[in-house]
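# Analysis of the macromolecular model
So the chains spell out like this:
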Amino acid sequence: MSETDFTCNANMLSANSSSQNTPVENNKSNGTNGEEHIIRRNVSSGAFPQESKPEGRVLVLYTGGTIGMVRNKDGALVPIANAFVKNLRRYPNMHDKEYAEERFGPMGPLVLPMTDVDSRRIIYNVLEYKPLCDSSNMRMDDWIRIARDIQESYEHFDGFVILHGTDTLSYTASALSFMLEALGKIVVLTGSQLPLFDTRSDGLDNFLTSLVIAANYNIPEVCIFFGTRLMRGNRTTKASVTAFEAFHSPNAPPLAVAGIKIDVDYRSIFRTCHMEKFHVHTTLNKKVGLLRLFPSITADLVKAFLRPPIEGVVLQTYGAGNVPSNREDIIAEFKAAADRGVIIINITQCSEGSVCSIYEVGKILMDAGVLSGFDMTPEAALTKLAYVLSKTEWDTATKRSMMETNLRGELTAGRSVTLQDWDLVDAVGRSLRISSPSEFKELGAILFPAMMNAAVLAKDTMKLSSLKRYGADISQPNADGRTALHIACCEGDITVVRHLLKMGANVHIKDRFNRTPLTDAIEHDRPEIIKLLLQCGAHLHERGRLIGERMCSAAAAGNLARLRSYHLAGADLSQADVSGRTALHLAAEHGQSAVVQFLLEHGAETKASDKLGMTAKDVANPECLRLLNGENGSNKV
């Protein structure tokens, strides 16, 4: 077992994680091999990793679909419960058996093979749903279940991969993009046209690349990876029954393209600018539907469709949002429904483009109270309606406004300021005689992080805003993987930190040294910044032993401020280091009485034994021993 050792069955996920939260005990899960695991957060166990490279941890939710199916004796594809993980363990491209068994034991998490050029060791756990669900059978209740599973495991993993059938993949991705509010980590949905374990399959590349992206790239969106492209989930639609490039994003560029390297377009990433912690909206309004116009559609059919209990309708019209101008009967039905409070969203039947009111026949719908859906896909428009209509705290006017507002990057209403021409980069590029698009892109990746970091050091929030208007991604890392928020947390100016967070800076990004902005705030003892980061969803991510070692060092040196910082960030003050020694051991041994008093006041375990069986009392100097013996029973034993 390890700090994050998950054994999964269809309904439960057992976590033994290094997340620094309140311990959870006596929660058990039966794995596919029948053994039981007791859950206790903040407990590190298993072999100590010898690699210096950091780890990326991914949770895979296997809901069903072709990707995990196997062929029976007749050659037909069938889902078989509990077969997927067993097959993965035998597949050398998907599991480094030697490393995994040495580190975690035979039934630990799965581990991808690693090469010298890989920056992280990727460890992943699979939660298999029971029963496995054909995507044609997916319902809103299934979307809610997926969202809740992500919420439950959110702090334990760097990213999430959802294996899903292709038929309704875009619906699920669109729904999750709205339900996962203030999302700060990547969620990748993928599937395949052929089973992963077939000799020839697109499933292997889709799954492997999804795992690599989820573990290494902090793109805080719900995405679909298929073929070679990572796309915003609520911009996609299934375009082919047979092609390996089965999904298209007709009105938005891909977020990343996977070739020899994974090329991320950081400017295209949609970042929410709300200073709040990740949470899940777990209700959806099912009284919504899709209505597609066709020549000679009858008014009776339209009237029947718009009849109660319907509350929201996605209307697919011709071209740029046009309806027949000589059909007053159906226009009257749309107006009557809108007057009753039914929200009707107008989107085009075309795969590309947007509705607009350049034609008279398009303005007719606006006058009837029908709202513009701009360039939303049918999948995004329908799931957004279900989400918006379920918001009981919003009145009808607010709901109508939200349907025409870009909430998750699902629509384009005018030109985004983040897509302005890179005037600054162009000027520098011309002076350097750069001409190719790839060189300009590389130049921007160098210039913008450097200029943002300089603005942070100068405490120049106006310059930060200007750089964003010029096209800078506020969370784009420099060569060491450090962002402007990392630098700001080290510098300690809370005004700059707050400004970056309001512009959408991500709190979960890890630099080359596996440090997040929260790590920097702790190591520089910035209590107000720590509180602000926690408010925005930051959490401790390091292995428990590593945090234990840092707290032990602080305790031995009498660094009370550092221990206060770790405590404020949610660390378990009784977390042991690799030798089983806690901060209380080191403080007592080195005579740091103020530290001992602080640890006792905050519930440090006094009976914890190191690997030699020694407690803090056994190693304490006389003054600290008196403090340990004088405890009033309020501390944890």
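Anything mentioned here points back to the structure above.
First, a word on scope: everything that follows refers to the structure included in this document. (Residues numbered from 1 in each chain as written. Predicted model: local features only at pLDDT ≥ 70, side-chain atom pairs only at ≥ 80, totals over all residues. Heavy atoms only, no water.)

Geometry of a packed helix pair, given as the angle between the helix axes and the separation of the axes. Contact geometry of helix α4 (residues 169-179) with helix α9 (residues 378-389) gives a least axis separation of 8 Å together with a crossing angle of 40°. On the basis of their axis angle, the class for α4 and α9 is oblique. Note that α4 runs across α9; the crossing there is right-handed. Across from S170, Y171, S174, A175, F178 and M179 in α4, the residues of α9 making contact are E379, A380, L382, T383, K384 and Y387. Here the contact of α4 with α9 is built from residues that sort into seven nonpolar, three polar and two charged. (Axes fitted to C-alpha atoms, helices over the stretch in contact; angles between N-to-C directions. Helix = DSSP H or I, 4+ residues; strand = E, 2+ residues; numbered from the N terminus. Parallel < 35°, antiparallel > 145°, perpendicular 65-115°, else oblique. Left-handed = near helix turned anticlockwise from the far one by under 90°. Contact = heavy atoms within 4.5 Å. Nonpolar A, V, L, I, M, F, W, Y, C, P; charged D, E, K, R; others polar.)

Okay, unusual backbone geometry next. Along the chain, K130 connects to P131 via a cis peptide bond; the corresponding omega equals 0°. As for its placement among the helices and strands, P131 is situated in the loop between β7 (121-128) and α3 (140-153). Look at the link from P308 to P309: it is a cis peptide, with omega at 20°. Mapped onto the secondary structure, P309 falls in the loop between α6 (299-306) and β19 (312-317). One non-glycine residue, F374, lies in positive phi territory at about 50°. By secondary structure assignment, the location of F374 is in the loop between β21 (371-372) and α9. Even without being a glycine, N514 presents a positive backbone phi close to 70°. Structurally, N514 is set in the loop between α15 (494-502) and α16 (517-523).

This part covers the pattern of salt bridges. Within this structure, the stated rule accounts for 29 salt bridges. With a shortest N-O distance of 2.8 Å, D198 and R71 are connected by a salt bridge. In this pair, D198 sits in the loop between β10 (186-190) and α5 (203-216) while R71 sits in strand β4 (residues 70-71), placing the two residues 127 residues apart along the sequence. Overall, the relative accessible area of 17% leaves D198 in the buried class. For R71, a relative accessible area of 41% puts it in the partly exposed group. The residue R482 makes a salt bridge to D520 at a minimum N-O spacing of 3.0 Å. Of this pair, R482 sits in the loop between α13 (461-469) and α14 (484-491) while D520 sits in helix α16, placing them 38 residues apart in sequence. R482 sits in the buried class, given a relative accessible area of 13%. What you see here is one network of salt bridges that share partners, running through E55, R57, R103 and R543. (Salt bridge = Lys/Arg side-chain N within 4 Å of Asp/Glu carboxyl O. Buried < 20%, exposed > 50% of the residue type's maximum accessible area, 1.4 Å probe, protein only.)

Turning our eyes to something else, we now look at the environment of D134. Residue placement: D134 occurs in the loop between β7 and α3. Judged by its relative accessible area of 39%, D134 is partly exposed. Reaching out from D134, the side chain makes a polar contact with the backbone nitrogen of S136 at a distance of 2.8 Å. (Polar contact = N/O pair within 3.5 Å; in protein donor to acceptor, adjacent residues only side chain to side chain.)

Disulfides are covalent bonds that connect the sulfur atoms of two cysteines. Within this structure, the stated rule accounts for zero disulfides. Unpaired in this structure, C490 has its nearest cysteine sulfur neighbour in C489, at a distance of 7.1 Å. (Disulfide = S-S within 2.5 Å.)

Now for the sheet that holds strand β18 (residues 288-292). The sheet built from four strands is open, its strands ordered β18-β19-β20-β21 with parallel pairing. Every other strand in the sheet has two partners, leaving β18 and β21 as the edge strands with one partner each. Note: β18 against β19, five bridges, orientation parallel. Across the sheet, the residue bridging to G289 is V313, located in β19. (Pairing = 2+ DSSP bridges.)

By secondary structure assignment, the location of S565 is in helix α19 (residues 560-568). According to the relative accessible area criterion, S565 is buried, its value standing at 4%.

Bringing the packing of α13 against α15 into the picture now. Where α13 contacts α15, the two axes come as close as 10 Å, and the packing angle between them is 20°. In terms of axis orientation, α13 runs roughly parallel to α15. The chirality of how α13 crosses α15 is right-handed. Within the contact between the two elements, α13 uses T461, L464 and S465 and α15 uses V496, H499 and L500. Among the residues forming the contact of α13 with α15, the class breakdown is three nonpolar, three polar and no charged.

That is the geometry; function is a separate question.
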